[in-house]
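Results of the structural survey
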Amino acid sequence: MSRASIDWPAVRQDFPILSEEVHGQPLIYFDNAATSQKPRAVLDALRNYYEHDNANVHRGLHELSSRATEAYEGARRRVAGYLGAASADEIIFTRGTTESINLVAQAWGGKFLRAGDVILLTEMEHHSNLVPWQLLAERTGARLRFVAVREDGTLALDQLPQLLTPEVKLFAFTHVSNSLGTINPVAELCRQARAAGALTLVDAAQSAGHLSIDLPELGCDFLAFSGHKMCAPTGIGVLYGRAEILETMPPWQGGGEMIVSVALERSTFKKAPHRFEAGTPNIAGAIGLGAAIDYLERIGRPAIFAHDSQLAAYAAEQLAELPGMRVLGPRSERGALVGFVMEAVHPHDLTTFADQNGLALRGGHHCNQPLMRKFGLPGTTRASFYFYNTMAEIDRMIEILRAAVRFFS
Ligand SMILES: Cc1ncc(COP(=O)(O)O)c(C=O)c1O
């Protein structure tokens, strides 16, 4: 479906929460990079599961348990198809991006990293793609190294050949920056890492619901994302891992579901993905994620990306017209968000002022403290968009920000 043929106002009607009023004003929800809203199709799938199929998976020999297992494993196949994975066995359900990255750090990093090895990151990583590696480095004696971010919000890619030395065992980087909106050239970064003998992990938290992701084309070894940023419920996420690598990784959490046999002194473990899913999983969450993927694919990611990037480009252009305004991030292609700073107003005050007008923005460091420090900022205000947002909402945001400038100066 082309972007033009989609009835966007009708799509917006799929999201009951968007009719809410906040402080007596119609809600404008521009905090989608933090979490997205949920369409009726996902809410119905959750309700249907709990009303008709609810049971534990993989263990019961009764009808409801078979239905729940089929729905849960069906969701795994759905995710594999969405990403272009070779097999559903490469899809591990987690609580979200953060847990996916911690899984790799503990299970893969704990086994394979040695003192002197290097994990290459970038200066634009979210804390969840930084702190797990810091903890791992402390435990193993490995070191961290960083690709710099340039003033325009893009990565200093010319540094990459010097940074990718033989000690680098893993290059972990974000697809889309949650503060700057930068879209990194994943396939090229993976190609260079592979040529240097390093594995790659892509943090797709800000891209999985916005951009087409084709794993064979990207060529990464791991990819992590959260369902809640792409219309699914909170508490469900995904780690994709290449089959040959998952096979070499030990479990990271022990418990029920992940074992083949248990004796008092030792146990043997299932293959991936179940080896990495100890205990009762988030069954409803996985089903909700499957429904979210069905929903997003009905619209189509190319149309979603075209719509969102048009909103982001328009917002960046309009914001730049405001007095004392600094817009962060690349001028050309950007993801569905814009970070900005206004001379006259602290980001927290601005966000509170916006909220009083029904406008949900995000103010603060966005879990990017090192990046904020690099840009000499206490934080920024962020407007982040999804396909149910409109140009008219951006015009209203600009009006509210103009009022904020008057109010604070
Ligand atoms: C780029 C990026 N990585 C990781 C995360 C962490 O996601 P979660 O809190 O869902 O685990 C976020 C969330 O904002 C993000 O934007």
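Refer to the structure above for everything that follows.
For clarity, every value in this text was computed on a predicted model and none was experimentally measured.

Things to note about the pairing of strand β4 (residues 91–94)
Burial along β4 is two-sided: the face carrying Ile 91 and Phe 93 and the face carrying Ile 92 and Thr 94 are both buried. Two strands pair when backbone bridges link them, and β4 and strand β10 (residues 237–241) are joined in this way by 4 bridges, in the antiparallel orientation. Residue Ile 92 lies in a different strand from β10, and its bridge partner there is Leu 239.

Section: the pattern of salt bridges
Side chains bearing opposite charge may pair, as long as their charged atoms lie close to each other. Tallied over the entire structure, the rule returns 22 salt bridges. Among the salt bridges present, the one from Arg 78 reaches Glu 297, with a minimum N-O distance of 3.0 Å. With Arg 78 in helix α3 (residues 63–83) and Glu 297 in helix α10 (residues 283–299), this residue pair connects regions lying 219 residues apart in the sequence. Here Glu 399 and Arg 396 are joined by a salt bridge, their closest N and O atoms 2.9 Å apart.

Points about the nonpolar core
Among the nonpolar cores identified, the biggest contains 79 residues, and Leu 83, Leu 223 and Phe 387 are the most heavily contacted of them. Setting aside residues no more than four positions away along its own chain, Leu 223 makes contact with Leu 83, Val 202, Ala 204, Ile 213, Leu 215, Leu 218, Val 238, Leu 239 and Tyr 240.

Focus: the packing of aromatic side chains
This structure, assessed with the given rule, holds 16 aromatic pairs. Ring geometry for Phe 15 versus Tyr 388: centroids 4.5 Å apart, planes at 55°, classification tilted. On the criterion of sequence distance, the pair formed by Phe 15 in the loop between α1 (8–12) and β1 (21–22) and Tyr 388 in the loop between β17 (380–384) and α14 (391–408) is long-range, its members being 373 residues apart. Both residues of the pair, Phe 15 and Tyr 388, belong to the buried class. When the centroid spacing of 4.7 Å and the interplanar angle of 45° are considered together, the rings of Phe 171 and Phe 173 count as tilted.

Structural notes on the site of the ligand
Near the ligand lie 13 residues; those nearest to it are Thr 98, Asp 203, Gln 206, Ser 226 and Lys 229. For the ligand, an oxygen atom lies 2.5 Å from a polar atom in the side chain of Thr 98. Asp 203 has a polar side-chain atom sitting 2.6 Å from a nitrogen atom of the ligand. Notes on the ligand: free accessible area 390 Å², of which the protein chains cover 85%. Partitioning the shell around the ligand into residue classes produces 2 nonpolar, 9 polar and 2 charged.

Thoughts on the sheet that holds strand β9 (residues 222–226)
Pairing in this open sheet of 7 strands is mixed, and the strands run β4-β10-β9-β8-β7-β5-β6 from one edge to the other. The open sheet has two edge strands with one neighbour each: β4 and β6 (143–147). On average, each strand axis in the sheet is tilted by 20° relative to the strand beside it, whichever way the strands run. Pairing of strand β8 (residues 199–203) with β9, which is carried by 3 bridges, proceeds in the parallel orientation. In the sheet register, Asp 203 faces β9, and the bridge partner there is Ala 224. Contacts between α3 and the sheet are confined to β4, β9 and β10, with β4 contributing the most and set at about 115° to the helix. Lying over the sheet, helix α4 (residues 97–112) contacts β4, β7 (168–174), β8, β9 and β10, oriented at roughly 150° with respect to β9.

Let's talk about helix α12 (residues 347–356)
The α-helix winds at 3.6 residues per turn, so residues separated by three or four positions along the chain end up facing the same way. Those residues of α12 not exposed but buried are Pro 347, Leu 350, Thr 351, Phe 353 and Ala 354. Considered in projection along α12, the buried side chains sweep an arc of 160° and stay on one side of the axis. Packed against the buried residues of α12 are β14 (337–342), β15 (359–360), β16 (362–364), β17 and α14. A positive backbone phi angle near 80° is found at Gly 358, which sits one or two residues after α12.

Details of the side chain of Ser 207
Inspection of the secondary structure puts Ser 207 in the loop between β8 and α8 (215–218). Ignoring sequence-local partners within four residues, the contact set of Ser 207 consists of His 175, Val 176 and Ile 213.

Thoughts on the sheet that holds strand β13 (residues 325–327)
The strands that make up a sheet are held in pairs by hydrogen bonds between backbone atoms, and each pair lies either parallel or antiparallel. As summarised here, the arrangement of the 4 strands in space is β13-β14-β17-β16, forming an open sheet in which the pairing is antiparallel. Both outer strands of the open sheet, β13 and β16, are each paired with one neighbouring strand and no more. Between one strand and the next, the sheet's axes are offset by a mean angle of 30°, whatever the strand orientation. Bridge count for β14 against β17 is 4 bridges, and the pairing is antiparallel. Bridge assignment links Val 338 to a residue of β17, and that residue is Ala 383. Together, β13 and β14 form the strand contacts of helix α11 (residues 301–320), whose direction differs from that of β14 by roughly 10°.

Section: the side chain of Asn 389
Looking at where Asn 389 falls in the secondary structure, it is placed in the loop between β17 and α14. Looking at Asn 389, the relative accessible area reads 2%, which means it is buried. Within the structure, the side chain of Asn 389 is placed 3.0 Å from the side chain of Asn 32, a separation counted as a polar contact. A polar contact is formed between the side chain of Asn 389 and the side chain of Glu 393, at a distance of 3.0 Å. With residues up to four places along the chain from it excluded, the contact list for Asn 389 reads Arg 12, Tyr 29, Phe 30, Asn 32, His 307, Leu 311 and Ser 384.

Observations concerning helix α7 (residues 186–195)
Among all positions of α7, only Val 186, Leu 189, Cys 190, Gln 192 and Ala 193 are buried. What you see down the axis of α7 is that its buried residues fit within an arc of 165°, all on one side. Buried residues along α7 sit against α6 (160–163), β7, β8 and α8. Positive phi appears at Gly 197, one or two residues downstream of α7, with a value of about 85°.

The rules behind each value
- Residues numbered from 1 in each chain as written.
- Predicted model: local features only at pLDDT ≥ 70, side-chain atom pairs only at ≥ 80, totals over all residues.
- Heavy atoms only, no water.
- Buried < 20%, exposed > 50% of the residue type's maximum accessible area, 1.4 Å probe, protein only.
- Helix = DSSP H or I, 4+ residues; strand = E, 2+ residues; numbered from the N terminus.
- Pairing = 2+ DSSP bridges.
- Salt bridge = Lys/Arg side-chain N within 4 Å of Asp/Glu carboxyl O.
- Core = buried A, V, L, I, M, F, W, Y, C linked by side-chain atoms within 4.5 Å.
- Contact = heavy atoms within 4.5 Å.
- Phe/Tyr/Trp six-rings, centres within 6.5 Å; stacked < 30°, edge-to-face > 60°.
- Near = heavy atom within 4 Å.
- Polar contact = N/O pair within 3.5 Å; in protein donor to acceptor, adjacent residues only side chain to side chain.
- Areas by Shrake-Rupley, 256 points an atom, 1.4 Å probe, with all protein chains shown as cover.
- Nonpolar A, V, L, I, M, F, W, Y, C, P; charged D, E, K, R; others polar.
- Axes fitted to C-alpha atoms, helices over the stretch in contact; angles between N-to-C directions.
- Arc of directions from axis to C-beta.

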